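Each chain is listed here by its residues.
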Protein chains: 2
Amino acid sequence: MTSHVRAPIANLEAGERDLADAPSHYLARVLRLGAGSRFVAFDPAGATEADAEIVSVEGGRTRVRLSAPRPATVMATREIAWIHALSKGDKLDDIVRDATELGATRVVVAEATRSVVHLDAARAAARRARWNKIALEAARQSGRGDPPKISGPMPWSEALVAVPADAARFCLHPGDGPPLAPYLLLALEGGGPIAFAAGPEGGLTEDEVARAEAAGYVRVSLGPFVLRTETVAAAVLGACRILASAATD
Amino acid sequence: MTSHVRAPIANLEAGERDLADAPSHYLARVLRLGAGSRFVAFDPAGATEADAEIVSVEGGRTRVRLSAPRPATVMATREIAWIHALSKGDKLDDIVRDATELGATRVVVAEATRSVVHLDAARAAARRARWNKIALEAARQSGRGDPPKISGPMPWSEALVAVPADAARFCLHPGDGPPLAPYLLLALEGGGPIAFAAGPEGGLTEDEVARAEAAGYVRVSLGPFVLRTETVAAAVLGACRILASAATD
């Protein structure tokens, strides 16, 4: 039986090795696994995984034996890019976590006019590192072999084109746009990549929506209720995930 | 022009009145509105609303003039019941907030075998009061006139039948069930009420799933990735909200 425990390990290769501190701590301290315990090692960068067995845990060092790596068994099968404007507090943390669970393959963080937060280069790099860590952890918890690629923060107009060239594109803007659903069903049936762009708490400016439209995004609405910016991601990506199984079955 | 400011006020009736402390604080202190400012008063219990104007703010007392009440303009148009097993920490808070934004008309909190939390009667009542407050606030923020009715915590088998008798019913259980999407599209096209039941972090027991099936729930899966229990609500209700507009247009 394959274990349900999963731990990220870089550069998988058959054989024995000592684990780095983070996976060692997770397996030996958090989960209290010992010699003989089995788990699945996965390499997020290579989208590969391998059966693994703990050989020994000694003085904070965990030694494991890896079998030959194979392609990750559960991977996102559809390219979905999620562009989100930088938002207050830790909202982007939640959005990255939800997007990972719900199958986004790319998260692009954008700077919008009404983004309350502005990050200098050093803080931007620190945030990106944190988002990557969150995505890795969410991928591990959801049993997903390939966390989304995360980029940004970058200017809105750059973010709009940081998606696959052939993606169907939607700009989520509350108000008078047509409903997303019919377009989304068509795009999912088409099977190609899809890109979504969402604004910060205060919404996008008309100029930002116009730039999105110029870049091929269809301005769509999600209905009459106003959603918090972090709910938009879960709702839309949840719909994609649920519908994708209908469109391809 | 109708104001975008909304405040909950019970028992709407045309005429002048002094506001209770909570809406008075919200309008006069939080939003710093004064005499002459207009807002929309809404009564969540009656699903009515009325244009309102502040007459005076004096010594912490806010006096308003209400026009004749009318049915709330933005209401959930479809009956959607969400049953969720009691979960750790403040996860139910997030679920109630998301469910309100995304249009659920009823939230039923259930006690499941693997619910880590168990509440005595006094704590259950306090929690229910908090969930109602969160629903009211989320309804206000999303411009929704009718917050969901919240009930429970109650035993799993009671929760399963605390939904409309003619509802299409789905039990969300990770694993080998058929995908939700085709059933959901049919149910949304049918236009009748829909009920969903979701387990706690540790999942439902086989016995609980069997009880749900005996009560007419179809056991469905959301795909290969494991979702956190709080993400399930946002994803499924998000899909309902987005698809409802396709099914009825």
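Just so you know, the residues in each chain are numbered from 1, in the order the chain's sequence is written. Here chains are named by letter from A upward and ligands by number from 1 upward, in the order in which they appear as written. pLDDT decides what is reported in this predicted model: residues at 70 or higher carry local features, side-chain atom pairs at 80 or more are listed and counted, and totals for whole chains, interfaces and linings draw on all residues regardless. Water and hydrogen atoms play no part in the side-chain values, which are based on all heavy atoms of the structure.

**Q** Help me understand the overall build of chain A, please; the structure alone is not making it clear to me.
**A** In terms of helices and strands, chain A carries seven helices and twelve strands. This radius of gyration counts C-alpha atoms alone. The globule rule is 2.2 Å times how many residues there are, raised to the power 0.38. Radius of gyration (C-alpha) of chain A: 20 Å, near the 18 Å computed for a compact globule of 249 residues. Considered along the principal axes of its C-alpha atoms, chain A spans approximately 60 × 45 × 30 Å. Only protein chains enter the accessibility calculation, which uses a 1.4 Å probe; a residue whose area is less than 20% of its type maximum is buried, one above 50% is exposed, and one in between is partly exposed. Among the 249 residues that make up chain A, the fraction classed as buried is 52%. Long-range contacts, defined here as pairs at least 24 residues apart, represent 75% of the contacts in chain A between residues at least 6 apart. Of the roughly 10800 Å² of accessible surface on chain A, 52% is carried by carbon and sulfur atoms. Counting from the N terminus, the helices are the DSSP runs of H or I reaching at least four residues and the strands are the DSSP runs of E reaching at least two. Should any heavy atoms of two residues lie within 4.5 Å, those residues are counted as being in contact. Here the Shrake-Rupley method, with its probe set to 1.4 Å, supplies the accessible areas, and only the displayed protein chains count as covering residues.

**Q** Can you help me understand the sheet that holds strand β12 (residues 218–220) of chain B in this one?
**A** Strand pairing in a sheet relies on backbone hydrogen bonds, with the paired strands running either antiparallel or parallel. All names here are of chain B. DSSP-based pairing: two strands are paired if at least 2 bridges between them are found. A sheet is described by the order of its strands in space; here six strands give the open sequence β9-β8-β7-β11-β10-β12, paired in parallel fashion. Two strands close off the open sheet at either side, each with one partner strand: β9 (149–155) and β12. When the angles between neighbouring strand axes are averaged without regard to direction, this sheet yields 20°. By the bridge criterion, three bridges tie strand β10 (residues 168–172) to β12 in an arrangement that is parallel. Angular values range over 0 to 180 degrees, each being the angle between N-to-C directions of two axes fitted as lines to C-alpha atoms, with helices fitted over their stretch in contact.

**Q** It is not clear to me how the packing of helix α2 (residues 91–101) of chain B against helix α3 (residues 121–142) of chain B should be interpreted in this structure. Could you clarify?
**A** When two helices pack together, you describe them by how their axes are tilted relative to each other and by the distance separating the axes. Residue and element names in this part refer to chain B. Remark: α2 packs on α3, axes separated minimally by 8 Å, with the N-to-C direction vectors making an angle of 35°. Between α2 and α3 lies a crossing of right-handed hand. In this structure, α2 contributes Leu-92, Asp-93, Val-96, Arg-97, Thr-100 and Glu-101 to the contact, and α3 contributes Arg-130, Trp-131, Ile-134, Ala-135, Ala-138, Ala-139 and Ser-142. Within the contact of α2 with α3, the residues separate by chemical class into seven nonpolar, two polar and four charged. Throughout, a crossing is termed right-handed when the near helix is turned clockwise from the far one, and left-handed when it is turned anticlockwise from it by less than a right angle. Side-chain classes are defined by residue name, with Ala, Val, Leu, Ile, Met, Phe, Trp, Tyr, Cys and Pro counting as nonpolar, Asp, Glu, Lys and Arg as charged, and the others, Gly among them, as polar.

**Q** What am I meant to see in helix α5 (residues 180–190) of chain B here?
**A** One turn of the α-helix equals 3.6 residues, which is why residues spaced by three or four share an orientation. Residue and element names in this part refer to chain B. Buried residues of α5: Leu-180, Ala-181, Leu-184, Ala-187 and Leu-188, and no others. The arc that holds the buried residues of α5, viewed along the axis, is 130°, so those residues lie on one side. Pointing more than 90 degrees away from the buried face of α5 are the exposed residues Leu-186, Glu-189 and Gly-190. Gly-191, located one to two residues past α5, shows a positive phi value of around 85°. Working note: the arc is built from the helix axis to C-beta atom directions.

**Q** Looking at this structure, how should I read the interface of chain A and chain B?
**A** Think of interface size as the accessible area that goes away when the parts come together; that is how it is often given. Opposite the 36 residues of chain A that make contact, chain B presents 36 residues. Interface area for chain A against chain B, summed over the two sides, is near 2900 Å², with a carbon-plus-sulfur share of 67%. Defined in terms of a 1.4 Å probe, buried area is the accessible area two parts forfeit on being brought together, summed over both. Three residues, A:Phe225, A:Arg241 and A:Ile242, lead the burial of chain A against chain B; their summed loss comes to 25% of the area buried on that side. Here a salt bridge means any side-chain nitrogen of Lys or Arg lying within 4 Å of a carboxyl oxygen belonging to Asp or Glu. The interface formed by chain A and chain B contains four salt bridges. A salt bridge links A:Arg228 to B:Glu101; the shortest N-O distance between them is 2.2 Å. Polar contact criterion, stated in full: a pair of N or O atoms within 3.5 Å, where within protein one must be able to donate a hydrogen and the other to accept it, and residues adjacent in sequence count only if both atoms are side-chain atoms. Here chain A and chain B share ten residue pairs in polar contact (both at pLDDT 80 or more) between them. When residues of the side of chain A that touches chain B are traced back to their parent elements, those giving at least two are α2 (91–101), α3 (121–142), α5 (180–190) and α7 (229–248) of chain A. Here the element with the most residues in the side of chain A that touches chain B is α7(A); it accounts for eleven residues. Among the residues making up the side of chain A that touches chain B, the classes are represented as 22 nonpolar, seven polar and seven charged.

**Q** Would you mind showing me how to read the domain arrangement of chain A here?
**A** All names here are of chain A. Each domain span listed reflects an automatic or database assignment of domains. Domain boundaries assigned for chain A yield domain 1 (6–71) and domain 2 (80–248). Centre-to-centre, using C-alpha coordinates, domain 1 lies 33 Å away from domain 2. Listed by partner, the interface residues are eight residues for domain 1 and seven residues for domain 2. In total, domain 1 and domain 2 occlude about 610 Å² of area from one another, counting both sides; carbon and sulfur atoms represent 68% of this.

**Q** For this particular structure, what's the right way to read the relation of the copies chain A and chain B?
**A** The two chain copies are connected by a rotation around an axis plus a translation along it. When chain A is fitted to chain B, the best match, at an RMSD of 0.1 Å, comes from turning it 180° and sliding it 0.0 Å along the axis. With respect to symmetry, the two chain copies, as superposed, fit the operation of a two-fold axis. Proximity to the rotation axis, assessed at the C-alpha, singles out A:Ala239 in chain A; its C-alpha lies 2.0 Å from the axis. Comparing interface residues between copies, 100% of those in chain A also lie at the interface in chain B; the contact surface is shared. We superpose the copies by least squares over the C-alpha atoms of residues that have a pLDDT of at least 70 in both of them.

**Q** Would you take a moment to explain α2(B) for this structure?
**A** All names here are of chain B. Across the eleven residues that make up α2, a large majority, eight, are buried. Residues of α2 that are buried include every one of Leu-92, Asp-93, Ile-95, Val-96, Asp-98, Ala-99, Thr-100 and Glu-101, and no others. Looking at the residues trailing α2, positive phi occurs at Gly-103, about 100°.

**Q** Looking at this structure, I do not really get the packing of aromatic side chains. What am I missing?
**A** We call Phe, Tyr and Trp rings a pair once their centres come within 6.5 Å, taking the six-membered ring for Trp, and we label the pair stacked below 30 degrees between planes, edge-to-face above 60, and tilted otherwise. Summed over the entire model, instances satisfying the criterion amount to six aromatic pairs over all chains. Among the aromatic residues, ring-to-ring pairing joins A:Trp82, A:Phe170, A:Tyr183 and A:Phe196 into one connected group.

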